[in-house]
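This is what each chain is made of:
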Amino acid sequence: MPKLSVEERIHSFKEVALGYTEKQAIAEAKRCLQCKVPRCVEGCPVNIDIPAFIKFISEGRFEEAIKKVREKNSLPAICGRVCPQETQCMGRCVRGIKGTPINIGALERFVADWERRTGRIKTEVAPPTGRKVAVVGSGPAGLTAAAELAKLGHDVTIFEALHKPGGVLMYGIPEFRMPKDIVIDEINYVKSLGVKIETDIIIGKVITLNELFEMGFDAVFIGTGAGLPRFLGIPGENLCGIYSANEFLIRINLMKAYRFPEYDTPVKVGKRVAVIGGGNVAMDAARSALRLGGDVTVIYRRTELEMPARREEIENAKEEGVKFLFLATPVRFIGDDKGWVRAVECVRMRLGEPDETGRRRPIPIEGSEFKVEADTVVVAIGQRPNPIAVRGEKSIKLTSHGTIVVNPETYETTRRGVFAGGDIVTGNATVISAMGAAKKAAKAIHEYLMGGGDN
Amino acid sequence: MLGRFQVLEKETLAPGIKRMVISAPLIAEKAKVGQFVILRVDEYGERFPLTLVEWDEEKGTITVIFQEVGVSTKKLGSLKVGDKIRDIVGPLGNPSEIRYYGDVAVVGGGVGTALVYPQAKALKEAGNRVTTILGARTAELLLLERELAEISDELYISTDDGTKGFKGFTSDVLKMLLEEGRRFDYVFAVGPAPMLRAVAEVTRPYKIKTVASLNPIMVDGTGMCGACRVTVGGEVKFACVDGPEFDAHQVDFRELMNRLHAYIDKEEEALKHLEKTEGRC
């Protein structure tokens, strides 16, 4: 897929991947073998009929193509951009065995963007059922659950704690990878199905679960995600200039600090930036810091091979000039007399035997400490689930990791009528896995509401 | 369905210090002493915290008192009665531990002289004997003096320049009382971080339970970002969800003060930008 030039990228937050032209999309679609037993569909967490929508594209029938995608996926412009296709649909493409797999994500994005340009195609909504559902959180899981339930005729209200809906799509993933106009358009699509969105409402604080039921909601879906930061827990971590990835990205994406002082929220990016971690969030933080003028080094405790970030994002980061320091991990942060970070003391690592994730375990090499100069540090070592909605609700069981316990079939929590899905159940994962869970939960909620249960 | 943050009353209490009554029924219904809200004045605005001073469940209103120091408080202060605040979320943070302690002192400095009001009132209602110590830079910046006099068993005033009451700091007054032999069972302090630290140092030798309401920089205010992290007793806490009140003897105030200064240069830049653009819209 065509990309913005590196020179243009490093000075702006414009979207990097440019998307196919009609011609390119048709040419790519024509390469599809239209397998009788499509392995790509098995790889898709929401089971989009991939060969069918690709066939429509190859024939230039884009409207039918987007309709086909939307049958299974309410947020295609988002998934086409941020799904890890290389390990899902595209990773299973038969054409990939001997050559280049079909770029399914780019095709999905193409039809979604085509729809945005040419005007939204109206989705059929079932007649009202008279049932009310509260959805907690407006990220990928919440939006998907809401859309699915609204299509089935339920009266859905989403409650969002922040001032803007979209969850991680809005506060976490940067503009250059996930333009906010597109997120807003997808949210508007969900609203067009009749879904109401109430921002600035923290369920669990402003309105409790019990109160939701008292307000007349018949079921609740919790999709509050993994929005709590993880820190390293090493000395000096509270020095000024050290951010959690969440804080850094919230300031930049949600609060638009990259447009300070037009927007009031500042962010401080110094001359030398160290980003700790090797996932997509670390790549987002590193590439954001680079665009704000920093000389950026990613510090990761294993090697490039074990990095959990998408290959594509690692390549983008490298092209843009992000440096990588592998097999090293911080042991403490060193500050100046004013409390500002000046350096990261790291220890070298070597790889041992594979751990439970199948990746080789990093082991510190004693006495190998060294310093990396840095006046800004972003700690991007993962997020924790955010169970604020159910804090103090004894009826809802949590795991020792703070995730919500659900029935794996129905996504129902230990409280009748309360369902949960996405990162709040699995711990931090991907946009599409949250959407896949939300779809299944929505189906179970529908069955619950329509009298399958004892209600 | 949900009340939408209209400014109902606005009053200037002292130069640069304003009191606002805002329509926010859901917040008013849930608010407890010690909690705060996060506001965003307009589409370009920051999210910033303000402690709740009063709330009225029946009227569906909340009251905040703030000093216009940065862009956000200046923008808030420029709103007129009838204007709407873009976003308010809350109540956030844990409520204060209000109970019978016995003889208590509440200490408020700067705009904190307004924020001790709900504490003093609630502690009095819980049966405590309440001694209030208020401090400001100068006499005209003292807030809610009359209201606090009404509910306090004793009221002491200090000003940095000696224009009213004792010349010096609130911590000096507290120290003097303790040296005179007064004993408190509980001390609550709210105000600038250096004042909180001074109060903590005064009560430390007497082993008096001392709680400080902290005011670190916050962004989301719901535990997501960690901007407000403070070290308390060697552990990292988030003021927004673990606080905002902590055992003052355990707080690393030096770190807090460093972190409060992290954006000083940016704040000046933002203010300049605000002055430049104010005439335009």
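Residues numbered from 1 in each chain as written. Chains lettered and ligands numbered in written order. Predicted model: local features only at pLDDT ≥ 70, side-chain atom pairs only at ≥ 80, totals over all residues. Heavy atoms only, no water.

**What to know about the nonpolar core**
Ile50(A), Phe53(A), Leu174(B) and Phe253(B) are the most contacted members of the largest nonpolar core, which has 144 residues in total. In terms of residue count, helix 17 (residues 431-452) of chain A provides more of this core than any other element does, 12 residues in total. Ignoring anything within four residues of it in the chain, the contact list for Phe253(B) reads Ala193(B), Leu196(B), Arg197(B), Ala200(B), Ala212(B), Leu214(B) and Ala248(B). Core analysis: the second largest hydrophobic core is formed by 32 residues, Val267(A), Ala309(A), Ala317(A) and Val322(A) among them. (Core = buried A, V, L, I, M, F, W, Y, C linked by side-chain atoms within 4.5 Å. Buried < 20%, exposed > 50% of the residue type's maximum accessible area, 1.4 Å probe, protein only. Helix = DSSP H or I, 4+ residues; strand = E, 2+ residues; numbered from the N terminus. Contact = heavy atoms within 4.5 Å.)

**With respect to the pairing of strand 10 (residues 328-335) of chain A**
Residue and element names in this part refer to chain A. In this sheet, strand 11 (residues 341-354) lies alongside strand 10 in antiparallel orientation, the contact comprising 7 bridges. Looking at strand 11, one finds that Ala 328 is bridged to Arg 348. Linking strand 10 back to strand 11 in an antiparallel pair, the connection comprises 5 residues, with Gly 339 at a positive phi of about 85°. (Pairing = 2+ DSSP bridges.)

**Focus: the sheet that holds strand 14 (residues 376-379) of chain A**
Residue and element names in this part refer to chain A. Pairing is parallel across the open sheet formed by 5 strands, whose spatial order is 6-14-7-8-9. Of all the strands in the sheet, the pair left with one neighbour each is strand 6 (242-244) and strand 9 (323-325). On average, adjacent strands in this sheet sit at an angle of 25° to one another, irrespective of strand direction. Across 5 bridges, the pairing between strand 7 (residues 272-276) and strand 8 (residues 295-299) is parallel. Note on strand 8: the bridge partner recorded for Arg 272 is Asp 295. Relative to the sheet, helix 13 (residues 245-254) contacts strand 6 and strand 14, its axis offset from that of strand 6 by approximately 85°. Against the sheet, helix 14 (residues 280-291) engages strand 7, strand 8, strand 9 and strand 14, with an angle of about 165° to strand 8. (Axes fitted to C-alpha atoms, helices over the stretch in contact; angles between N-to-C directions.)

**Regarding the packing of helix 5 (residues 170-179) of chain B against helix 6 (residues 193-203) of chain B**
All names here are of chain B. Relative orientation of the contacting elements helix 5 and helix 6 amounts to 10°, with a least axis distance of 9 Å. The angle between helix 5 and helix 6 falls in the class roughly parallel. Contacts from Thr 170, Ser 171, Leu 174, Lys 175 and Leu 178 in helix 5 reach Met 195, Ala 198, Val 199, Val 202 and Thr 203 in helix 6. (Parallel < 35°, antiparallel > 145°, perpendicular 65-115°, else oblique.)

**Some thoughts on the pattern of salt bridges**
Between side chains of opposite charge, a pair can form as their charged atoms come close. Residues and elements named next belong to chain A. Evaluated as defined, the whole model comprises 62 salt bridges over all chains. With a closest N to O distance of 2.9 Å, Glu 319 and Arg 9 form a salt bridge. Of this pair, Glu 319 sits in helix 15 (residues 311-320) while Arg 9 is found in helix 1 (residues 6-9), placing the two residues 310 residues apart along the sequence. For Asp 336, the salt bridge identified is with Arg 342, shortest N-O distance 3.0 Å. (Salt bridge = Lys/Arg side-chain N within 4 Å of Asp/Glu carboxyl O.)

**Regarding a nonpolar patch on the surface**
Together, Leu33(A), Val94(A) and Ile97(A) give the surface a local cluster of nonpolar side chains, amounting to about 280 Å² of exposed area. Along the polypeptide, Ile97(A) turns up in helix 7 (residues 95-98). (Patch = residues over 30% accessible without salt bridge, like charges linked within 9 Å, V, L, I, M, F, W, Y side chains within 5 Å. Areas by Shrake-Rupley, 256 points an atom, 1.4 Å probe, with all protein chains shown as cover.)

**Quick look at the pairing of strand 9 (residues 129-136) of chain B**
The side chains of a regular strand alternate, residue by residue, between the two faces of the sheet. All names here are of chain B. Counting buried residues along strand 9, 7 of its 8 residues qualify, which places the element largely inside the surrounding structure. The sheet contact formed by strand 8 (residues 103-109) and strand 9 spans 7 bridges and is parallel. Residue Ala 105 lies in a different strand from strand 9, and its bridge partner there is Thr 131. In the classification by handedness, the crossover that spans strand 8, the intervening helix 3 (residues 112-125) and the parallel strand 9 is right-handed. Note that strand 9 and strand 10 (residues 154-159) share 6 bridges and pair parallel. Note that in strand 10 the partner of Thr 132 across the bridge is Leu 155. Each parallel crossover has a hand, and for strand 9 linked through helix 4 (residues 145-151) to strand 10 it is right-handed. (Right-handed = clockwise from strand over helix to strand, strands pointing away.)

**Remarks on the interface of chain A and chain B**
Between chain A and chain B, the contact holds 49 residues from the first and 50 residues from the second. Regarding the contact of chain A and chain B, the summed buried area is about 4100 Å², with carbon and sulfur atoms giving 55% of it. When the buried surface of chain A facing chain B is broken down by residue, Lys205(A), Asn238(A) and Asp264(A) rank first, second and third, together holding 17% of it. Asp265(B) serves as the salt-bridge partner of Lys268(A), at 2.8 Å between the closest nitrogen and oxygen. Connecting chain A to chain B are 21 residue pairs in polar contact (both at pLDDT 80 or more). At the level of elements, strand 5 (228-229), strand 6 and helix 13 of chain A are the ones that each hand at least two residues to the side of chain A that touches chain B. The element contributing the most residues to the side of chain A that touches chain B is helix 13 of chain A, with 4 residues. Looking at the side of chain A that touches chain B residue by residue, the class counts come to 25 nonpolar, 10 polar and 14 charged. (Buried area = accessible area lost by both parts, 1.4 Å probe. Polar contact = N/O pair within 3.5 Å; in protein donor to acceptor, adjacent residues only side chain to side chain. Nonpolar A, V, L, I, M, F, W, Y, C, P; charged D, E, K, R; others polar.)

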